[in-house]
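Inside the fold
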Amino acid sequence: MIPEEYRESLQYADYQKEQADLRAKRQETLIFCEHPPTITGGVQWKAQNLRQQPDELEKNGIPLVPIKRGGDLTAHEPGQLVIYPHIDLKRRKIPLSDYFHALLSISAQAVEDYCSVALEMRRDYPGLYFGERKVAAIGIEARSFFTSSGIAINVSNDLSTFAHIVACGLRQFVPGTLSQITSDKLSPRTLAEHWSKRFQAFLDPSLSHTSD
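Structural notes, computed from the coordinates. (Residues numbered from 1 in each chain as written. Predicted model: local features only at pLDDT ≥ 70, side-chain atom pairs only at ≥ 80, totals over all residues. Heavy atoms only, no water.)

**Considerations on the pattern of salt bridges**
- Under the definition given, this model contains 11 salt bridges.
- Of the charged contacts in the structure, one is a salt bridge between R23 and E141, with a shortest N-O distance of 3.5 Å. One end of the pair, R23, is in helix 1 (residues 12–25); the other, E141, is in strand 9 (residues 133–143), with 118 residues separating them in the sequence.
- Residue class for E141 comes out buried when judged on its relative accessible area of 4%.
- Among the ionic pairs, D88 bridges to R26, the shortest N-O distance being 2.9 Å. Residue D88 is located in the loop between strand 6 (80–86) and helix 3 (89–92), and its partner R26 is located in the loop between helix 1 and strand 2 (29–33); the two are separated by 62 residues in the primary sequence. (Salt bridge = Lys/Arg side-chain N within 4 Å of Asp/Glu carboxyl O. Helix = DSSP H or I, 4+ residues; strand = E, 2+ residues; numbered from the N terminus. Buried < 20%, exposed > 50% of the residue type's maximum accessible area, 1.4 Å probe, protein only.)

**Let's talk about unusual backbone geometry**
- Phi angles above zero are rare outside glycine, and S116 is one such case at about 60°.
- Looking at where S116 falls in the secondary structure, it is placed in the loop between helix 4 (96–115) and strand 7 (120–122).
- Among the residues examined, S116 registers a relative accessible area of 65% and is labelled exposed.
- Of note in this structure, S183 is not a glycine but carries a positive phi near 60°.
- Counting through the fold element by element, S183 comes out in the loop between helix 5 (178–182) and helix 6 (188–203).

As structure tokens, then:
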């Protein structure tokens, strides 16, 4: 089992410093957190998907942070579960494509375990969806086969930060949350517990009985 922790508030700049240290040490860790309002832009982000200029965002207390994960723009805010698995794919002999698919599958399973919502993967659009609502976004960074960044699942956030962007550059979908779908007040921390069990079972299949 790899060490894990949950942080109710983590500034993205602090996470960037931490991920560099973990990568340098190749120290496997599973971090769950909620970020304050933040917009991040992956290596393919496009200016036309930003609905407000960066200086205006800053005035509203929303930093725009360029990062080296894949993908376009996404938003983080309280009530969204952000998951950062730092995993040594080389040592574990896990292909990056298998790892990417596993994060989505594990997330869908954990959501169904927690609140009985069946989210879908779409062939041409990475993430997890409920109809036209995009509930989870994924963006992986892997250097020397050691991973950072990860997946963000909208649990009970108010989606106000998403109003400033075209999320992931996909105009045909709208952001959605699990609380919207279920009409229940859901907990990111509780979802993290389900996610951790599924992820640990992926790394060690002998633990799979604890997740089913």
